[in-house]
Amino acid sequence: MIKSISELIKKAKKIKTKTLVVACAADEHVLEAVELARKENIVNGILVGNVELIKEILIKLDIDVENYSYVNILDKTEACLEAVKIVNTDKDFFLMKGLVDTSIILKAALNKEFGLRTNNRISHVSVIEVSTHPKLIFMSDGAMNIKPTLDEKRQIIENTLVIANALGLEKPKVGIIAAVEKVNPQMDATLDAVELIKMNKDNILNGCIVGGPFALDNAINKEAAIHKGVTDPIAGDVDILIMPQIESGNVFYKSMMFLGNAQSASVIAGAKKPIVLTSRADSTLSKYHSIALGALVVDL
């Protein structure tokens, strides 16, 4: 089982080199991250977009332009569509967002004719390492699903399990997060927890142990769980945090990154291939980690 981001990187270096297709690749931080991954033989790169501008940035970063293949398309919508088409040509290819609006690349990725859509809802999965916590934390969803319904939360869990399994967690402990650890009829997140636990017990939701509702403290801290009298078997030892809505997930992620000095890797899951879709505020290192995570899960 992988317990740190450094172990994730080590595993990505050992597997067969994958190919990363970057849509609208003329972004300095994205290209820095792609080059880090290329130098470690994690990926080869196909850069789609304004090739003149992409090469200008590579030269500025002192990166050999001969390291990459290129597809010259100036229009961002067309560049995203072409990048998705290329990804679909090989099982070892996956997609990354460059300097383009998220809505444009996702529209291309979910194109009914040649996109990467499946029957499942797509969701954003973050893998987070915090120095004060003994293992990786998986969190979803802080970027895609605004106010997921009960069934959408089921799909979010299923997507997250794929990522967790790839990192060696065979039966992850899934905590349904709310503001409190007791069922409250006025708080939908607590009611969803009850239903998701039932789905788990009825084998509708397999390959994991679901618990909750949990407040964040008693989900990840055993002492807090004992102090509050939370008797759920996985209390204090949760692997996956399922957030009640996008605000909670987004605030948690950014608090960890900007206040907790955390390291992270994130991908969009639930499509045919992982999509590396990072925030503009994410560091080059976070983008590099996310590329490595995508390489690990691309052929699952």
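You'll find the structure just up there.
As a starting point, this report considers the structure included with it. Only a predicted model underlies this, so the values are computations on that prediction, with no experimental measurement involved. (Residues numbered from 1 in each chain as written. Predicted model: local features only at pLDDT ≥ 70, side-chain atom pairs only at ≥ 80, totals over all residues. Heavy atoms only, no water.)

Things to note about the overall build of the protein chain
And then number 1: Assigned secondary structure in the protein chain consists of 11 helices and 11 strands.
And then number 2: In summary, the protein chain has a C-alpha radius of gyration of 19 Å against a globular reference of 19 Å for 300 residues, a match within 12%.
And then number 3: Principal axes of the C-alpha set define a box for the protein chain whose edges measure 60 × 40 × 30 Å.
And then number 4: Across the 300 residues that make up the protein chain, the buried fraction comes to 55%.
And then number 5: In the protein chain, 70% of the contacts between residues at least 6 apart in sequence involve partners at least 24 apart.
And then number 6: By element, 51% of the accessible surface of the protein chain is carried by carbon and sulfur atoms, the whole surface being about 13,700 Å².
And then number 7: Across the protein chain, the 35 positively charged side chains and the 37 negatively charged ones have centroids separated by 3 Å. (Helix = DSSP H or I, 4+ residues; strand = E, 2+ residues; numbered from the N terminus. Rg over C-alpha atoms; globule rule 2.2 N^0.38 Å. Buried < 20%, exposed > 50% of the residue type's maximum accessible area, 1.4 Å probe, protein only. Contact = heavy atoms within 4.5 Å. Areas by Shrake-Rupley, 256 points an atom, 1.4 Å probe, with all protein chains shown as cover. Lys, Arg positive; Asp, Glu negative; His and termini not counted. Charge placed at Lys NZ, Arg CZ, Asp CG, Glu CD.)

Here we look at the side chain of Asn159
And then number 1: Position of Asn159 relative to the elements: it lies in helix H6 (residues 150–166).
And then number 2: For Asn159, a relative accessible area of 3% puts it in the buried group.
And then number 3: Within the structure, the side chain of Asn159 is placed 2.7 Å from the side chain of Asn120, a separation counted as a polar contact.
And then number 4: Setting aside residues up to four positions removed in sequence, Asn159 forms contacts with Asn120, Arg121, Ile122, Ser123, Ala269 and Gly270. (Polar contact = N/O pair within 3.5 Å; in protein donor to acceptor, adjacent residues only side chain to side chain.)

Describing the pattern of salt bridges
And then number 1: Here the structure, examined in full by the defined rule, presents 15 salt bridges.
And then number 2: For Glu40, the salt bridge identified is with Lys13, shortest N-O distance 3.4 Å. Here Lys13 lies in helix H1 (residues 5–14) and Glu40 lies in the loop between helix H2 (28–39) and strand E2 (43–49), a separation of 27 residues in the sequence.
And then number 3: The exposure class of Glu40 is partly exposed, given its relative accessible area of 32%.
And then number 4: When the shortest N-O distance is used, the salt bridge between Lys60 and Glu28 registers 3.0 Å. Taken together, the positions of Lys60 in helix H3 (residues 51–60) and Glu28 in helix H2 put the pair 32 residues apart, joining distant regions of the chain.
And then number 5: A relative accessible area of 62% places Lys60 in the exposed class.
And then number 6: We classify Glu28 as partly exposed; its relative accessible area is 29%.
And then number 7: Members of the salt-bridge network, linked through shared partners, are Lys135, Lys173, Asp237 and Asp239. (Salt bridge = Lys/Arg side-chain N within 4 Å of Asp/Glu carboxyl O.)

Some thoughts on the packing of H1 against helix H11 (residues 284–297)
Packed helix pairs are specified by the crossing angle of their axes together with the interaxial distance, meaning the distance between the axes.
And then number 1: Between H1 and H11, the least distance of the axes is 9 Å, while the angle of their chain directions is 50°. As far as their axial angle goes, H11 and H1 are oblique. Here the hand of the crossing between H1 and H11 comes out left-handed. Residues Ile5, Leu8, Ile9, Lys11, Ala12 and Lys13 of H1 pack against Tyr288, His289, Ala292, Leu293 and Leu296 of H11. (Axes fitted to C-alpha atoms, helices over the stretch in contact; angles between N-to-C directions. Parallel < 35°, antiparallel > 145°, perpendicular 65-115°, else oblique. Left-handed = near helix turned anticlockwise from the far one by under 90°.)

Quick look at the packing of helix H4 (residues 76–87) against helix H5 (residues 102–109)
And then number 1: Across the interface, H4 lies against H5 with an axial gap of 8 Å and an inter-helix angle of 40°. When the interaxial angle is binned, H4 and H5 end up oblique. Read as a crossing pair, H4 and H5 show a hand that is right-handed. Between H4, through Lys76, Thr77, Cys80, Leu81 and Val84, and H5, the contact on the second element is made entirely by Ile104, Ile105, Ala108 and Ala109.
And then number 2: Residues of the contact of H4 with H5, tallied by class, amount to 7 nonpolar, 1 polar and 1 charged. (Nonpolar A, V, L, I, M, F, W, Y, C, P; charged D, E, K, R; others polar.)

Side note on the pairing of strand E1 (residues 18–23)
And then number 1: Within E1, 6 of the 6 residues are buried, which leaves it mostly tucked inside the rest of the structure.
And then number 2: Taking every second residue as pointing to the same face, both faces of E1 are buried, with Lys18, Leu20 and Val22 on one and Thr19, Val21 and Ala23 on the other.
And then number 3: Here E1 pairs with E2 via 6 bridges, running parallel. Counterpart to Val21 in the pairing with E2 is Ile46.
And then number 4: Crossover E1 to E2 through H2 is right-handed.
And then number 5: Where E1 and strand E4 (residues 93–97) come together, 5 bridges link them in parallel fashion. Each residue of the ladder has a partner; that of Thr19, found in E4, is Phe93. (Pairing = 2+ DSSP bridges. Right-handed = clockwise from strand over helix to strand, strands pointing away.)

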